[in-house]
Amino acid sequence: MSEHDRKIYYERHDLEEPVYIANNNNSIYSNYCSIYSQRTVQETKGWDVFREFPPKQDSGSMESQKCLEFTVRVLKILAYAVTFIVVLASGVIAKGLVLFMTSQLKKDRRLAYCNRNLGRDKQFVVSLPDEERVAWMWVILAVFAIPEVGTLIRSVRICFFKSVKKPKSIHFVVVFITESLHTIGLALLFFKVLPEIDVVKGAMITNCMCILPAILGLLSRNSRDSKRFVKVIVDIAAIVAQVTGFIVWPLLENKPVLWLIPISALCISLGWWENYVTRQSPIGIIKSLGRMKEELNQTRYYTYRFVSVWKIILFSVCILMCIWMDGDNPAMFFQLFNEGFGPHNIVVEEVQIQLGGTIIPDLANATLTGDSVEVAAVYKSAFYVLLIQVFAAYFCYIFGKFACKILIQGFSYAFPINLVIPVVVNFLIAACGLRNGDTCIFHGTIPDYLFFESPPVFSLSDFISRQMAWVWLLWLLSQTWISIHIWTPKAERLASTEKLFVLPMYNGLLIDQSMALNRKRDDHKDVKTEDLAEIEKEKGDEYYETISVHTDNTGSSPKTVKSSDSITRIYACATMWHETRDEMMEFLKSILRLDEDQCARRVAQKYLRVVDPDYYEFETHIFLDDAFEISDHSDDDSQVNRFVKLFVDTIDEAASEVHQTIIRVRPPKKYPAPYGGRLTWVLPGKTKMICHLKDKSKIRHKKRWSQVMYMYYLLGYRLMELPISVDRKETMAENTYLLTLDGDIDFQPHAVRLLIDLMKKNKNLGAACGRIHPVGSGPMVWYQLFEYAIGHWLQKATEHMIGCVLCSPGCFSLFRGKALMDDNVMKKYTLRPEEARHFVQYDQGEDRWLCTLLLQRGYRVEYSAASDAYTHCPEGFSEFYNQRRRWVPSTIANIMDLLADYKHTIKINDNISSPYIAYQMMLMGGTILGPGTIFLMLVGAFVAAFRIDNWTSFEYNLYPIVLFMFVCFTMKSDIQLLVAQILSTAYAMIMMAVIVGTALQLGEDGIGSPSAIFLISLSGSFFIAACLHPQEFWCVVPGIIYLLSIPSMYLLLILYSIINLNVVSWGTREIQQKKTKKEIEAEKKAAEEAKKNAKQKSLLGFLPGMNSEEEEGSIEFSFAGLFKCLLCTHPKSNEEKVQLLHISTTLEKLEKKLENVERVIDPHGQSRGRKLSVGLRGSTNGDQLVTVAEGEEDHASDSETDTMSTVPREKRDDLINPYWIEDPDLKKGEVDFLNQSELAFWKELIDKYIYPIDANKEEQARIARDLLELRNKSVFAFVMFNALFILIVFLLQLNKDQLHVIWPLGVKTNITYIEETGEVLISKEYLQLEPIGLVFVFFFALILVIQFSAMLFHRFGTISHILASTELNWFCTKKSEDLSQDALLDKNAIAIVKDLQKLNGLDDEYDNDSGSGPQNVGRRKTIHNLEKARQKKRNIGTLDVAFKKRFFNMNANDGPGTPVLNRKMTLRRETLKALETRRNSVMAERRKSQMQTLGANNEYGVTGILNNNHGVGPRHRTSTANISVKDVFGEPNGGMVNRGYETTLGDEDDSNSMRLQPRQNQVSFQTRFQ
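Residues numbered from 1 in each chain as written. Predicted model: local features only at pLDDT ≥ 70, side-chain atom pairs only at ≥ 80, totals over all residues. Heavy atoms only, no water.

Draft legend 1. Quick peek at the overall build of the protein. When helices and strands are tallied, the protein shows 47 helices and 20 strands. Split into buried and exposed, the 1570 residues of the protein put 52% on the buried side. Here the contacts in the protein between residues at least 6 apart in sequence split such that 79% fall between residues at least 24 apart. With the model as given, the accessible surface of the protein reaches about 72800 Å², and the carbon-plus-sulfur share is 59%. (Helix = DSSP H or I, 4+ residues; strand = E, 2+ residues; numbered from the N terminus. Buried < 20%, exposed > 50% of the residue type's maximum accessible area, 1.4 Å probe, protein only. Contact = heavy atoms within 4.5 Å. Areas by Shrake-Rupley, 256 points an atom, 1.4 Å probe, with all protein chains shown as cover.)

Right, dumping it as structure tokens:
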């Protein structure tokens, strides 16, 4: 056949030409491989143009969140406003009150006194006595000491509950000296300087307390700083401004004591030296101090246990020195303490009235008349002022820290902090002016003998000139520049206190200065786009690889840790087993949404040059258990089962739903693997999704071993085998995370980002989990809705707050790679269960065991309530019971393991303390005694509801429990579950009566009874918890089902779980396995043998003829099958069996003949075995036929092996050409092979850890015996504990009259009037409680209080997290017109890219929902839309191509009419202009630097050798620098070829869309010997 004819043949038959790939590396590959693939996209016929669009999901994670988002944004606006107001107001109050305190310290100070009560025609002055001054000295000491006490408590707590390092001697000395000088400076300023000047000058002078930070900041500047020269000039100007503050007031006021200002200012500024030194400084001493600062971060709390106490002592000594310097006896500081804070009098003296008015010009020179009056002092004033100041300073600190945590620092922290002094100055000027004009203006509010030290002038001109206000502005601006870092924070969301502040607490005397100068400068550098470009250089792949491959071949020092190593890397690791189509859909949509989000972030950094702090690399790995079954044609071959095929079929539908347009993902690339096989997809965002198909005959199955697979593969092989330095591996491991998922999980990318936030916040965090919502329908799901809600609201929140979460569920959790790689975690997780306990602890609850291992290595596990995930839960009673049958024993076993080793765990884990262990012990006790408690509750409720005595109630309740235990011990699981279901239904009906009985009992006992209090508290806590979770409020409604199910879930379920402890099967998603012919025959023989044995052992088995079913009678009669009589018996005829056997044999022969003919005629057709094989095949040319001799079939053997074919049986190698790889249901993707190093890794891993366990009957029998023994021991202990508990409480209840505790509340008073005697008898009836029951009530009440309190704190943390991760974007911030183009893009880059990369509407496809409103149904352009869809040639299936098409074709001048954006993609003109400007700058930069970028084979996605089908050439990049946009994206090159997606052949040019070069759909085997 000629070349031309062959092409015509392929075109007519809708086929692609075969691809021939020759491999010369090994003789086994010397054959040519011919593989056919059929066109997958065919022309749309006119009669078949009707469309079905993916439905818009509004349930689960896709549920509309508009109301919630609006509420959260409103809350964030309120947070902005409230935090700003509180920080500013509390800062002003705290600062003003400190100046008020210092105004009362000056000795012999005279103050005008209000004459309202003493004589309006007279004038009075007052001088404060020593006892009043001493009181204010103590108040200032308390203001200083209270934050230091807070530092002491925090340091002791962290040193006690966590591990801290001991500092070096030199470090301790440095901290000791600097803090001592800082304390001395504060004492000099507040006891010597400020009392001598007026409060306005005092407020101004506090802006001069940062001279040393200014100098250190100047010396720390290095060549890496942008605009370094300008910054140095401004630094010098700030230093000069600060220095002027040292000399202005001493020179102007002519008071020698004011020359203490420079000394005190220098000493005070020493306290913030740490924040202004860095290792990057070019000066040696500053660099050494920078290194010391980093080491001090680890030893700070150890040091400040002593330093905080020393500072309080030193400050007290300084007060005594100041008293001595003033000429007073220092002993009065202690002697006058009681008088100062107790009743004492104030002497008010009359002065002569000056001519010309009532205002006294100079009180110091006023003439006294000699008359004086003593007035009682308001001696509590100092205490009240102290309280207000302390709370104001604390609120300023707390709300300021809150602003930093939720990323509103600029407006709500930096702005109000810098406004404090200007507002204080204005307030003081106004207040002093008012009081100087009228001494009685504050009468009744402030004691008349107390006020600020007023400035002498109050006019604006005098204030500017005489008060040197213009110099103060320089001081204020210099402080603002020195603390400029607080305006541009870089800390992550919810950063810890240690990351936000240098010192753990604030300075109460200088609240605004300490808030500004103590806030860390965030010296760490961001990951920049250049770092991402460096990743691309290291990868060496022509496509974007999600998780990059790092090498040290860049010429840098091997020990250098690169910035790119700190990029977050997320491996989504899912374990799947027998999921349904709907469950797979939810999982795939979640992965595709992450793929879309990651692509948007990558594209934003690549094209918009935006640094995204939330950028991450992403890759998906799916481990599908039990993926293979016996093939249909032969027992010797394996094929993928229906779940794998279902998964492959579901991907296109999931992608179409996510992107709201029809998408066909390119068929997966198939790899044979030692553990089974692998399918690899490239998703629309160009992240990889790899499905590992596990063959349980080659590798150990079950979830734990899948987890071992991905841990060792991703963290062992993919990370530890990298040829890079150990420092780089350390950094990468710390920023590598495994997102563990189940195959039915549904979540949004935002949920993952919230978990990443927790990981970034705390490097000791080993795992984090989100809020799991059960999905499904039916009463069992409703029950679980309430159960999950209460479990998360109360229990998980409590574990998070007071210790660690004990179980991070594998359905949606994030694990840190470094934590998993630690000693006794990954390695121990591979332990094969040998003992009975191991099967329960290791395999039944693998998620909890993994978390237990992390906790025992010192890592923390946290819970984020804002990270929502939705998973399918059991909908049937039996499935639910079987699931909990696994969970309950494994939970008890793991917690007992943790509690047994609690001393070691407390020692190594900073987050687990003795109180937390005690809390867990209480919960464990409640779990064990739970059935007994429920039983006693039922007994008491029966008594109250049915009016029967205690013993009868006890008997009635005991019968069903004993019956159920007997059934569980003797019957099969199905019978147990049936009985449990019947009893649960009966108990639910009984519980209705119990509720009525309980209500009657409560009515009788009163609202003050323990039961009533506990019930009201429990219900109230549930309701308040639901109100605090408004999005989940309706989860509390199924609480009635939960209440009715209490006996079933806390009594029957526990019994079922404990008694079935020896059953270690999974229990859910079980299906029947396909069996080989040999296994079927063996089972038949075994069944027949069992039947014969049963009959022989039967009652009539000894009679002759009773064991044969091969006889029939000439006359037969029977009665309803109960008995049967045969007369004239004779053997049954075998004629029917013989005929059926003959027919079966004939059909098998015909089937084999047909298969043989099809295989020879069309070896590459739709039948199995059409693809490549290695071995002798006769011919490799598809157009040649081999004749088949029909006569040869007559000599065929009857054996099981097929010898009828003229072609020898295909020789197969599971690592070369396994049978499953030719399955047409896996689609026609390429076939590739693992490289030799990976093959070796898998083989070694399987051989060492996860080889399949052979069925050893003796070993299985031993394990079964051990499990049975463990079950018996556990049941005995469990029953004995509950029996003793029930017996003790019940007997105490019966003898309550003799042994009881009187309950003081709910007392009943009976009044009896006796007419005969006229007496009134009053008797009080108290509730009598048995002691054990009372203890148990208090026990549960304590747990409830702990959980409720912890829930409140956790709610606040969750709201903070939500606010921190909420962007206000387009509203409630600056208008877009007010933002610069760069600011506009930087703020909204991700949202813009997500809009521009949408596949929906790329070719004006938006009419699919046009006129969807009910009023527009008749106006839909249905026919136009159908015709347009028919003419459409291609869906561009990659997001970056869609983005580039819009990005490089938009025109800001065209406005909303820009064709590429369409109706629904219109952006603001300002945004379009910003995008166009950024596009031009990126293009210019690329021409200049010739930088290669992520995600394409070259700079702009131009295809080079991609269409070369003559073999797999070397992969390399070609530069297209200096190429214009038109040349790159216009005719005839087209855009980037979408190798991740199937293409339509024969496309015509479309001027409105990017032209893509067609690429042959290759299905080829590539060599694995590279």
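Draft legend 2. Highlighting the sheet that holds strand S6 (residues 616-624). Strand order in the open sheet formed by 10 strands is S9-S10-S11-S6-S5-S12-S15-S14-S16-S13, with mixed pairing between adjacent strands. In the strand order of this sheet, the two ends are held by strand S9 (669-673) and strand S13 (746-747), each with one partner. Inspection of the sheet shows S13 paired to strand S16 (residues 860-872) by two bridges, in the antiparallel sense. Across the sheet, Phe747 pairs through a bridge with Ala869, a residue of S16. Relative to the sheet, helix H19 (residues 581-607) contacts strand S5 (568-576), S6, strand S11 (688-694), strand S12 (736-742), S13 and S16, its axis offset from that of S6 by approximately 160°. Contacting S5, S12 and strand S15 (812-816), helix H22 (residues 726-734) runs over the sheet at an angle of about 35° to S12. (Pairing = 2+ DSSP bridges. Axes fitted to C-alpha atoms, helices over the stretch in contact; angles between N-to-C directions.)

Draft legend 3. Spatial organisation of helix H31 (residues 914-928). Relative to the 21 Å expected for 15 residues at 1.5 Å per residue, H31 spans 21 Å between its end C-alpha atoms, a close match to the ideal helical length. Along H31, the positions that sit buried rather than exposed are Tyr916, Ile917, Tyr919, Gln920, Met922, Leu923, Met924 and Gly926. (Expected span 1.5 Å × (residues − 1).)

Draft legend 4. Representation of the packing of aromatic side chains within the structure. Summed over all chains, the structure comprises 59 aromatic pairs. Ring geometry for Phe647 versus Trp681: centroids 5.7 Å apart, planes at 70°, classification edge-to-face. In this pair, Phe647 is assigned in helix H20 (residues 642-659) and Trp681 in strand S10 (residues 676-682), connecting sequence segments 34 residues apart. You'll find Phe647 and Trp681 in the same group, each marked buried. Their ring planes at 45° and their centres at 5.5 Å tell us that Tyr881 and Tyr1056 sit as a pair that is tilted. One end of the pair, Tyr881, is in helix H29 (residues 877-900); the other, Tyr1056, is in helix H37 (residues 1046-1059), with 175 residues separating them in the sequence. A connected cluster of aromatic rings, assembled from ring pairs, spans Tyr783, Phe786, Phe877, Phe880, Tyr881, Phe1022, Tyr1042, Tyr1050 and Tyr1056. Note that Arg435 overlies the ring of Phe451, its terminal NZ or CZ placed 5.1 Å from the centroid. (Phe/Tyr/Trp six-rings, centres within 6.5 Å; stacked < 30°, edge-to-face > 60°. Lys NZ or Arg CZ within 6 Å of the ring centre and 35° of its normal.)

Draft legend 5. Representation of the sheet that holds strand S4 (residues 368-376) in the model. Ordered in space as S1-S2-S3-S4, the four strands form an open sheet in which the pairing is antiparallel. Every other strand in the sheet has two partners, leaving strand S1 (110-113) and S4 as the edge strands with one partner each. Between one strand axis and the next, the sheet turns by 35° as a mean value, whatever way the strands run. Alignment of strand S2 (residues 123-127) against strand S3 (residues 345-351), held across four bridges, turns out to be antiparallel. Its bridge partner lying in S3, Val126 is registered against Val348.

Draft legend 6. Main features of the state of the cysteines. One pass over the full model with this rule turns up one disulfide. Covalent S-S linkage joins Cys114 and Cys440, the inter-sulfur distance amounting to 1.9 Å. Residues Cys114 and Cys440 share a disulfide whose torsion about the S-S bond is about 105°; that sign makes it right-handed. With Cys114 in the loop between S1 and S2 and Cys440 in the loop between helix H13 (409-437) and helix H14 (460-465), this pair connects stretches of sequence that are 326 residues apart. Here Cys114 and Cys440 have matching classes, each one buried. (Disulfide = S-S within 2.5 Å.)

Draft legend 7. Structural context of the environment of Arg581. Relative to the elements of secondary structure, Arg581 occurs in helix H19. Separated by 66 residues in sequence, Arg581 and Phe647 place their C-alpha atoms 7.5 Å apart. Among residues more than four places away in sequence, those in contact with Arg581 are Leu646, Asp649, Thr650 and Glu653.

Draft legend 8. Structural view of the pairing of S2. Extensive coverage of S2 is indicated by the burial of four of its five residues. As paired strands, S1 and S2 are joined by four bridges and run antiparallel to one another. Bridge assignment links Leu111 to a residue of S2, and that residue is Val126.

Draft legend 9. The arrangement of the side chain of Arg1271 in detail. Here Arg1271 is to be found in helix H41 (residues 1257-1294). It is Glu1269 that comes nearest to the buried, bridge-free Arg1271 among opposite-charge side chains, at 11 Å. Of note is the side chain of Arg1271, whose polar atom sits 2.8 Å from the backbone oxygen of Ile1059. If near-sequence neighbours (up to four positions away) are discounted, Arg1271 is found in contact with Phe969, Ile1058, Ile1059, Leu1061 and Asn1062. (Lys, Arg positive; Asp, Glu negative; His and termini not counted. Salt bridge = Lys/Arg side-chain N within 4 Å of Asp/Glu carboxyl O. Polar contact = N/O pair within 3.5 Å; in protein donor to acceptor, adjacent residues only side chain to side chain.)

Draft legend 10. Quick look at unusual backbone geometry. Even without glycine at this site, His578 takes up a positive phi of about 60°. Looking at the secondary structure, you find His578 in the loop between S5 and H19. On the accessibility criterion, His578 (7% relative accessible area) is buried. The phi angle at Lys1227 is positive, at roughly 70°, despite the residue not being glycine. By the secondary structure assignment, Lys1227 is in the loop between helix H39 (1135-1161) and helix H40 (1236-1250).

These values are about where atoms sit, not about what they do.
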